[in-house]
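Okay, here's what each chain looks like letter by letter:
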Amino acid sequence: MSGDRRFEGPSDLHLHSVHSDGTESAADVMAAAHVRGLRTVALTDHDTTSGWTEAAEAATSLGMTLLPGMEFSAHGEGRSVHLLAYLFDPDDRGLRTEMERIREDRVGRAERIVRRIGRDYALEWEDVVEQTGDGATVGRPHIADALVARGIVATRGAAFDTILHPRAGYYEGHYAPDIAKAVSLVAAAGGVPIVAHPTTAGRARMMPVPLLERLISLGLAGFELEHRENTAEGKRVLYRLAERHDLIVTGSSDYHGLGKPNIPGENTTSDDMVARIIALGTGSSPVYA
Ligand code: AMP
Ligand code: FE
Ligand code: FE
Ligand code: ZN
């Protein structure tokens, strides 16, 4: 790694805007990161790159460096897995096709969830459309916001704990590629794939180590270990695995505006790790102030 780093920390590489399920515009997210003292950030909306241009303009006007990013929906062993992807080519055919397929399937899935909820509560699809940014990747958070707007629940969190919980009976999943395919697609697009919040539900429910080792052989670059939802026991296992394979380890907030209590900069990624991400990513460039 060269000594002339062109970015500065502190760095928070996991932030959401209204391009997916954050509650603020990409420019406002950059401003929120800036007031918390961050100098390098990534916008990582779910399954879309549509916020990149706005984020780059806002970040650089505030003197920050932006790493273009995304949180790519995938599944591993029957469970939902989120894959952070940095510095990939946004025009890569294989990756784009998959992102579009996920976004499209998310719409029909959300409509079906809303139809089921609508049998028991005064909720209509129009309510959800009202809560969703134009062209945004739609998800349960938008249904949650519609439930709040209708006065059925008090907060997003309350909606997830009750009506949107899989056990409530309204839930269904959406299409997402297998995690091995997701890692391969991001790597093939010149990107840096890092598993987001990989151990939110303890060791038992985390992807097993042999699967993680297979993903590493396919190009998985690291794990987001400093995240408020990761469990301590899972982190211990993954820090060891990361060390053994010389992987990248990141820390981030997963900011969603008012949609979650997470605050920009509550966890950060070290300068060495940011430098490694920048050195590995070949599909797009960091945007420097
Ligand atoms: P979906 O991908 O449509 O199933 O929705 C999952 C998204 O909901 C995640 O990306 C989180 O950002 C958000 N989420 C999950 N649990 C909660 C919660 N308790 N409060 C607020 N947002 C949540
Ligand atoms: Fe989210
Ligand atoms: Fe996530
Ligand atoms: Zn996220």
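Everything discussed here concerns the structure shown above.
Here's what I pulled together on the structure shown here. The shown structure was predicted, so the numbers you read here are calculated from the model rather than taken from an experiment. (Residues numbered from 1 in each chain as written. Chains lettered and ligands numbered in written order. Predicted model: local features only at pLDDT ≥ 70, side-chain atom pairs only at ≥ 80, totals over all residues. Heavy atoms only, no water.)

### Structural notes on the overall build of the protein
A tally of helices and strands in the protein yields 10 helices and 7 strands. Here the protein has a C-alpha radius of gyration of 18 Å; the compact-globule value for 289 residues is 19 Å, and the two agree. Dimensions of the protein along its principal axes, counting C-alpha atoms only, are 60 × 45 × 35 Å. Every one of the 289 residues in the protein was classed for burial, and the buried ones make up 53%. Intrachain contacts of the protein at a sequence separation of at least 6 include 76% that bridge at least 24 residues. Here the protein has roughly 12,400 Å² of accessible surface; of this, 47% comes from carbon and sulfur atoms. Of the charged side chains in the protein, 30 are positive and 41 negative; the average position of the first set lies 6 Å away from that of the second. (Helix = DSSP H or I, 4+ residues; strand = E, 2+ residues; numbered from the N terminus. Rg over C-alpha atoms; globule rule 2.2 N^0.38 Å. Buried < 20%, exposed > 50% of the residue type's maximum accessible area, 1.4 Å probe, protein only. Contact = heavy atoms within 4.5 Å. Areas by Shrake-Rupley, 256 points an atom, 1.4 Å probe, with all protein chains shown as cover. Lys, Arg positive; Asp, Glu negative; His and termini not counted. Charge placed at Lys NZ, Arg CZ, Asp CG, Glu CD.)

### Details of the packing of aromatic side chains
Scanning the entire structure with this criterion turns up 2 aromatic pairs. Considering the side-chain rings of Y121 and Y170, the 6.4 Å spacing of their centres and the 70 degrees angle between planes classify their relative orientation as edge-to-face. With a gap of 49 residues between them, Y121 in the loop between α3 (93-118) and α4 (125-131) and Y170 in the loop between α6 (156-161) and α7 (179-188) connect regions that are remote in the sequence. On the basis of relative accessible area, Y121 is assigned to the partly exposed category, the value being 33%. The ring of Y288 carries R6 above its face, with NZ or CZ at 4.1 Å from the centroid. (Phe/Tyr/Trp six-rings, centres within 6.5 Å; stacked < 30°, edge-to-face > 60°. Lys NZ or Arg CZ within 6 Å of the ring centre and 35° of its normal.)

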